[in-house]
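Residue-level listing of the chains:
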Amino acid sequence: MNAVYKEIIDFIRHIYNMPEGFIPLHAPVFAGNEKKYLNDCIDSTFVSSVGKYVDLFEEKMAAYTGATKAVVCVNGTNAIHLALKLVGVEADSEVITQPLTFIATANAIAYTGAQPVFLDVDKETLGLSPDALLYFLENKTRLDSKTNKRLNLKTKKPISACVPMHTFGHPCRIDEIVEICKKYTIPVVEDAAESLGSYYKERHTGTFGTVGVLSFNGNKILTTGGGGMLLFMDEELAKHAKHLTTQAKVPHPWEFSHDEIGYNYRMPNINAALGLAQLEQLPAFLENKRNTALAYKGFFMDKGLEFISEPANSKSNYWLNAILLKNRDERDNFLKFTNDNGVMTRPAWTLMNRLPIFKSALCGDLSNAVSLEERLVNIPSSIRNIQV
Ligand SMILES: *Cc1c(COP(=O)(O)O)cnc(C)c1O
């Protein structure tokens, strides 16, 4: 098998035009107005939580995604935490999510004092399966007529939210998930941290649920250094979000008054300046990444290896490309060979339910997630040779 692995490495080195040296999984590219806008922040002294770039970045992102309002946050993890608070998640309730996700999703649920319930993902989308969701809600919960909430039959705790995630940028079947949750009156917080620029049925991911969350961490398709964002269709909810991110301060020319427990979750102006410059390049980034994915797809088809393509009805941002090896042993051999040879590859995350911190969490049948965990490997996916 090492002969094929060698060919894969040669191909990756070829498309990244790097015959030698280390090839990362995802490196940021700064080829636009980044320095100009950052200098402007410093020259104006507006480097912190107030400034024109914060407003501009929010406006441009709302326009780009089709959200009514966008609210910046200090990072994506905090944004999910705040989103859960906004939709009413309280301690001792349960939040449905997928086990195949980055720890941030589950951690944010834990911050609220709620417990995650892990349900399976679809093989094709890698995201929460509407079938698993419907099965769970139909068979494992009941309506509590007093509170009008769905109660978990086993734990008697209310189900307070559902958090699907668009894995590696590939949209999950979000319209079906939202439809099911509506029927069972469960709010949806969409973890779209990885899917900026991805569309499901021509609508931007993160705009289907009650709240959508984006991340601008250094490894995402667009970076603000560190940062996150909440997307809303409901303007009032967005206003409340902004209030909560700014210590719940009641506007007044000089007095300090705070009307609820708030947070310091604001994104500084310098980060927003970086984000605005990055957003201007997003269409070029997306095209570039799509070309890389197409090149990979053709190559892996020839080699008889499974490449993860965008699911039906969707346009993926192809944030992180992935292939499926035959089994865990082959996956481990491939990981070792590529990383030993300077080409960074990574397995899928350890499933959340396997982590000791979530070992007592409730789980559905997780066959698809388990199979993906054993076989999936992410391969280098940075933007290639972008022209200034
Ligand atoms: C990156 C990411 C987040 C948020 O991460 P931050 O680093 O806090 O911005 C949340 N969920 C998923 C699935 C992610 O990949």
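What counts as what
- Residues numbered from 1 in each chain as written.
- Predicted model: local features only at pLDDT ≥ 70, side-chain atom pairs only at ≥ 80, totals over all residues.
- Heavy atoms only, no water.
- Near = heavy atom within 4 Å.
- Polar contact = N/O pair within 3.5 Å; in protein donor to acceptor, adjacent residues only side chain to side chain.
- Helix = DSSP H or I, 4+ residues; strand = E, 2+ residues; numbered from the N terminus.
- Nonpolar A, V, L, I, M, F, W, Y, C, P; charged D, E, K, R; others polar.
- Core = buried A, V, L, I, M, F, W, Y, C linked by side-chain atoms within 4.5 Å.
- Buried < 20%, exposed > 50% of the residue type's maximum accessible area, 1.4 Å probe, protein only.
- Contact = heavy atoms within 4.5 Å.
- Pairing = 2+ DSSP bridges.
- Axes fitted to C-alpha atoms, helices over the stretch in contact; angles between N-to-C directions.
- Arc of directions from axis to C-beta.
- Phe/Tyr/Trp six-rings, centres within 6.5 Å; stacked < 30°, edge-to-face > 60°.
- Lys NZ or Arg CZ within 6 Å of the ring centre and 35° of its normal.

K.L.:
Looking at this structure, how should I read the site of the ligand?
P.N.:
The local shell around the ligand holds 16 residues, among which Gly76, Thr77, Glu194, Ser215 and Lys220 are the closest. Taking Gly76, its main chain carries an N or O atom lying 2.8 Å from an oxygen atom of the ligand. Lys220 places a side-chain nitrogen or oxygen 3.2 Å from an oxygen atom of the ligand. Elements with a contribution of two residues or more to the shell around the ligand: helix 4 (76-86) and helix 5 (103-111). Looking at the shell around the ligand element by element, the count peaks at three residues for helix 4. Residue classes in the shell around the ligand are distributed as five nonpolar, eight polar and three charged.

K.L.:
Please clarify how the nonpolar core should be interpreted in this entry.
P.N.:
Within soluble globular proteins, side chains that are nonpolar tend to cluster in buried spots. Ranked by size, the top nonpolar core spans 43 residues in total, and within it Phe57, Met61, Phe216, Met229 and Leu376 carry the most contacts. At the level of secondary structure, the elements contributing two or more residues to this core comprise helix 2 (34-44), helix 3 (52-65), strand 1 (69-73), strand 11 (228-232), helix 9 (269-279), helix 10 (282-303), strand 14 (321-324) and helix 12 (367-375). Excluding residues within four positions of it along the chain, Leu376 makes contact with Leu126, Phe168, Ile308, Ala322, Ile323, Leu324, Arg331, Arg346, Pro347 and Ala348. Residues Leu82, Val89, Val211 and Ala238 belong to the second largest nonpolar core, which totals 27 residues.

K.L.:
What exactly am I supposed to notice about the sheet that holds strand 15 (residues 346-347) here?
P.N.:
Hydrogen bonds between backbone atoms are what pair the strands of a sheet, whose relative direction is either parallel or antiparallel. Taking strand neighbours across the sheet as the criterion, the four strands line up as 12-14-17-15 in an open arrangement whose pairing is antiparallel. Both outer strands of the open sheet, strand 12 (306-307) and strand 15, are each paired with one neighbouring strand and no more. Of the strand pairs in this sheet, strand 15 and strand 17 (residues 376-379) are connected by two bridges, and their pairing is antiparallel. Across the sheet, Arg346 pairs through a bridge with Asn378, a residue of strand 17. Contacts from helix 11 (residues 328-340) reach strand 14, strand 15 and strand 17, with the element oriented near 20° to strand 17. Strand contacts of helix 12: strand 12, strand 14 and strand 17, with the helix running at about 50° to strand 17, the strand carrying the most contacts.

K.L.:
Which parts of the structure should I look at to understand helix 7 (residues 174-183)?
P.N.:
Since one α-helical turn is 3.6 residues long, residues separated by three or four positions face the same way. Burial in helix 7 covers these residues: Ile174, Ile177, Ile180 and Cys181. One face of helix 7 carries all of its buried residues, which in axial projection span an arc of 125°. More than 90 degrees from the buried face of helix 7, the exposed residues found are Glu179, Lys182 and Lys183. Of the residues trailing helix 7, Thr185 is marked for its positive phi of about 45°.

K.L.:
Even after reading the chapter, I still don't get the packing of aromatic side chains, so can you show me in this structure?
P.N.:
Given two aromatic rings, their pairing is described by the distance between the two centres and the angle made by the two planes. Throughout the structure, instances matching the rule amount to 15 aromatic pairs. Here the aromatic rings of Phe168 and Trp349 are separated by 5.1 Å at their centres, their planes lie at 25°, and the arrangement is stacked. Separated by 181 residues along the polypeptide, Phe168 in the loop between strand 6 (159-163) and helix 7 and Trp349 in the loop between strand 15 and strand 16 (362-363) bring together distant segments of the chain. One residue, Arg203, lies across the ring of Phe208, its end atom 4.5 Å from the ring centre.

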